[in-house]
Amino acid sequence: MRQIVSTLKTTGLDASAGHRIIEIGCVELLNRRATGQKFHRFLNPERDIDAGALAVHGIELAQLVKAPKFIDIAAELIGFITGAELIIHNAPFDVGFLDAELARMPGAARTVATFCRVLDTLALARSLHPGQRNSLDALCKRYSVDNSRRELHGALLDAGILVDVYLAMTGGQSALALDVNAGRSEVERASVAAATLRAPGVKLAVIAASSEELQQHEAMLDLIHKASGDESVWRSESTAAAGE
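A.B. asks: Even after reading the chapter, I still don't get the overall build of the chain, so can you show me in this structure?
C.D. replies: Secondary structure assignment for the chain yields ten helices and five strands. Counting all 244 residues of the chain, 37% fall into the buried class. Taking as baseline every contact in the chain between residues at least 6 positions apart, the subset at least 24 positions apart corresponds to 64%. If you sum the accessible surface of the chain, you get close to 14,300 Å²; carbon and sulfur atoms cover 56% of it.

A.B. asks: Quick question: what am I supposed to make of the confidence of the model for the chain here?
C.D. replies: The predicted coordinates of low-pLDDT regions are not to be read in fine detail. Looking at the chain, pLDDT values average 84 and 78% of them are 70 or higher. Scored below 50 in pLDDT, residues 174-184 makes eight contacts in the model with residues more than four places away or belonging to other chains. Note that pLDDT drops below 50 for residues 191-203; the model gives that stretch eight contacts with residues more than four away or on any other chain.

A.B. asks: Sorry, what's going on with helix H5 (residues 121-128) here?
C.D. replies: Residue pairs three or four apart in sequence face the same way in an α-helix, which turns once every 3.6 residues. Every buried residue belonging to H5 is among Thr-121, Leu-122 and Ala-125, and all of these are buried. All buried residues of H5 lie within an arc of 105° about the axis, which places them on one face of the element. More than 90 degrees from the buried face of H5, the exposed residues found are Arg-126 and Ser-127. For H5, the elements touching its buried residues are strand E4 (85-88), strand E5 (117-120), helix H6 (136-142) and helix H7 (155-169). If you check the start of H5, you find a side-chain oxygen 3.0 Å away from the backbone N of Leu-122, and it comes from Asp-120.

A.B. asks: Any chance you could explain the packing of H5 against H7 here in plain terms?
C.D. replies: The relative placement of two packed helices is expressed as an angle between their axes plus a distance between the axes. Here H5 crosses H7 at 40°, and the two axes come no closer than 11 Å. Both H5 and H7 take part in a crossing whose hand is left-handed. Touching Thr-121, Leu-124, Ala-125 and Leu-128 of H5 are Leu-162, Tyr-166 and Met-169, all from H7. Residues belonging to the contact of H5 with H7 are distributed by class as follows: six nonpolar, one polar and no charged.

A.B. asks: In this structure, what is going on with the pairing of E4? I would like to understand it.
C.D. replies: Residues in a regular strand project their side chains so that they alternate between the two faces of the sheet. What you see with E4 is no split at all: Glu-85 and Ile-87 on one side and Leu-86 and Ile-88 on the other are buried throughout. Where strand E1 (residues 2-10) and E4 come together, three bridges link them in parallel fashion. Note that in E4 the partner of Ile-4 across the bridge is Leu-86. Two strands pair when backbone bridges link them, and E4 and E5 are joined in this way by four bridges, in the parallel orientation. Looking at E5, one finds that Glu-85 is bridged to Arg-117.

A.B. asks: So what exactly am I meant to see when it comes to the pattern of salt bridges here?
C.D. replies: A pair can form between side chains of opposite charge whenever their charged atoms are brought close. Under the criterion given, the structure shown has six salt bridges. Residue Glu-28 pairs with Arg-2 through a salt bridge whose shortest N-O separation is 2.6 Å. Taken as a pair, Glu-28 in strand E2 (residues 21-30) and Arg-2 in strand E1 lie far apart in primary sequence, 26 residues in all. When its relative accessible area of 24% is taken as the criterion, Arg-2 is described as partly exposed. Look at the salt bridges and you will find they share partners, linking Arg-20, Glu-46, Glu-101 and Arg-104 into a network.

Definitions and cut-offs
Residues numbered from 1 in each chain as written. Predicted model: local features only at pLDDT ≥ 70, side-chain atom pairs only at ≥ 80, totals over all residues. Heavy atoms only, no water. Helix = DSSP H or I, 4+ residues; strand = E, 2+ residues; numbered from the N terminus. Buried < 20%, exposed > 50% of the residue type's maximum accessible area, 1.4 Å probe, protein only. Contact = heavy atoms within 4.5 Å. Areas by Shrake-Rupley, 256 points an atom, 1.4 Å probe, with all protein chains shown as cover. pLDDT = per-residue confidence, 0-100. Arc of directions from axis to C-beta. Polar contact = N/O pair within 3.5 Å; in protein donor to acceptor, adjacent residues only side chain to side chain. Axes fitted to C-alpha atoms, helices over the stretch in contact; angles between N-to-C directions. Left-handed = near helix turned anticlockwise from the far one by under 90°. Nonpolar A, V, L, I, M, F, W, Y, C, P; charged D, E, K, R; others polar. Pairing = 2+ DSSP bridges. Salt bridge = Lys/Arg side-chain N within 4 Å of Asp/Glu carboxyl O.

Pasting the structure below:
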């Protein structure tokens, strides 16, 4: 599965009020592994940046005067995300801005949904942790993801952090370390992982649990079932099935 983890920085909070995208950061995952492929652009918004937005990302308009406009990079961005699952924290916000930028372009109307599926990690986090804080910083703390470099919110930095948070929320493997990667740079490690996945005839080892481990697992399930007042779903369903 190909996934693109993406974040945006904008001139303000409301796309419908004419606010624009000023930075896009995307990181590619293939089968839950970073490939080293990224898309990162600063953009000239052709308008002022709100003071509140500036305080968050620290990007001043003077830095963007010579940057390309969205229309200049749109084809490259669309090519990068097409066919993938786009992973975004608070997706309605980012997708709203992307759709507004696409609507400004000439030709047939297009939206993000035209090119890819979208997964909202904020909605996912709220389903996993109802009633708790689920900002990206809060999730970093909850899942022990290092965000110490996040003094200001850069799009590519945030996308990299969201990769680790997403993988932690959906089964881990965010920091899988193999001896073969010792001493390699981040890009080199990603290249090794991607090459391994593509190599013909590669067989991944499947390690089955031993009989002792299975017994320990069943014993733990028994303890959990008892602690729940004999109402655990797995025991209740298996008992009902046995009686049929």
